[in-house]
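# Chain and residue survey
Residue strings, one per chain:
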Amino acid sequence: MNSVNSMSKKSPGASLASQGGVSITPVPGSPSGRQGLGSPAGRSIKSPGAASQPAAQDRKNELDQKVSVLCEEGLRLYSLSKFNEAEEQWKKALQLSQNDTRTLMHYAVLVRDV
């Protein structure tokens, strides 16, 4: 007799263990017999990085401010026709934040015009 057919002929209420599979028993004391994804004793689990998020935001704000000051200084120097000095300021800003759109735009205009 084929083993697959013999397993399917068992009663529908037979456990997996009796069919040659693995039986999973519910965790005692858990609601509805399942632990789920909740934390033990109903406490919430905090991300390890949650405490450092405000500090990271402060660092980002400080960096953005430095980039803004360098970009403004470069723009001031550019308006005075001090192109080499303006380029230096914009390069410094881009070293801090390579994706700062305003600095990239001003630097591109400098490269185009000079």
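About the thresholds
- Residues numbered from 1 in each chain as written.
- Predicted model: local features only at pLDDT ≥ 70, side-chain atom pairs only at ≥ 80, totals over all residues.
- Heavy atoms only, no water.
- Helix = DSSP H or I, 4+ residues; strand = E, 2+ residues; numbered from the N terminus.
- Buried < 20%, exposed > 50% of the residue type's maximum accessible area, 1.4 Å probe, protein only.
- Contact = heavy atoms within 4.5 Å.
- Areas by Shrake-Rupley, 256 points an atom, 1.4 Å probe, with all protein chains shown as cover.
- Expected span 1.5 Å × (residues − 1).
- Arc of directions from axis to C-beta.
- pLDDT = per-residue confidence, 0-100.
- Core = buried A, V, L, I, M, F, W, Y, C linked by side-chain atoms within 4.5 Å.
- Salt bridge = Lys/Arg side-chain N within 4 Å of Asp/Glu carboxyl O.

Right, let's get into the overall build of the protein. Summing up its helical and strand segments, the protein has 4 helices and 0 strands in all. In sequence order, the secondary structure elements of the protein are arranged as α-α-α-α. In the protein, buried positions account for 14% of the 114 residues. Summarising the internal contacts of the protein: among those between residues at least 6 apart in sequence, 33% fall at separations of at least 24. Summing over all exposed atoms, the protein offers an accessible surface of approximately 9000 Å²; the carbon and sulfur share of this is 56%.

In this section: helix 3 (residues 83-96). Counted at 1.5 Å a residue, the expected span for helix 3 with its 14 residues is 20 Å, and the 20 Å between its end C-alpha atoms agrees. Within the sequence span of helix 3, burial applies to Ala86, Gln89, Trp90, Ala93 and Leu94. In an axial view of helix 3, the angular spread of the buried residues amounts to 135 degrees, which keeps them on one side of the axis. With respect to the buried face of helix 3, the exposed residues turned more than 90 degrees away are Asn84 and Gln95. Buried-residue contacts for helix 3 involve helix 2 (53-79) and helix 4 (101-113).

Another point: the confidence of the model for the protein. Across the protein, the average pLDDT comes to 76, with 54% of residues at or above 70. Mean pLDDT across the secondary structure elements of the protein bottoms out at helix 1 (residues 3-8), with 49, and peaks at helix 3, with 95.

Here the focus is the nonpolar core. One finds Cys71, Leu77, Ala86, Trp90 and Leu110 forming the largest nonpolar core, which totals 5 residues. Once you skip the residues sitting within four places of it in the chain, Trp90 turns out to touch Leu70, Cys71, Gly74, Leu75, Tyr78, Thr103, His106, Tyr107 and Leu110.

Next up on the list: the environment of Lys66. With respect to the element layout, Lys66 can be found in helix 2. With 26 residues separating them in the primary sequence, Lys66 and Lys92 have C-alpha atoms 9.7 Å apart.

By the element assignment, His106 lies in helix 4. Setting aside its immediate chain neighbours within four residues, His106 contacts Cys71, Leu75 and Trp90.

It is worth spelling out helix 4 at this point. Between its first and last C-alpha, helix 4 extends 18 Å over 13 residues, near the 18 Å set by a 1.5 Å rise per residue. Within helix 4 the residues assigned to the buried category are Thr103, His106 and Leu110. Across the axial projection of helix 4, the buried residues extend over an arc of 70 degrees, all falling on one side. The exposed set on the far side of helix 4, more than 90 degrees from its buried face, consists of Thr101 and Arg112. On its buried face, helix 4 sits against helix 2 and helix 3.

What follows concerns the pattern of salt bridges. Within the structure shown, the criterion is met by 6 salt bridges. Among the ionic pairs, Arg102 bridges to Glu72, the shortest N-O distance being 2.7 Å. Residue Arg102 is located in helix 4, and its partner Glu72 is located in helix 2; the two are separated by 30 residues in the primary sequence. One salt bridge in this structure joins Lys91 and Glu87, with 3.4 Å as the shortest N-O distance. One end of the pair is Lys91 and the other is Glu87, both in helix 3 and 4 residues apart, which spans about a single turn. Since its relative accessible area comes to 41%, Lys91 is described here as partly exposed. Judged by its relative accessible area of 23%, Glu87 is partly exposed.

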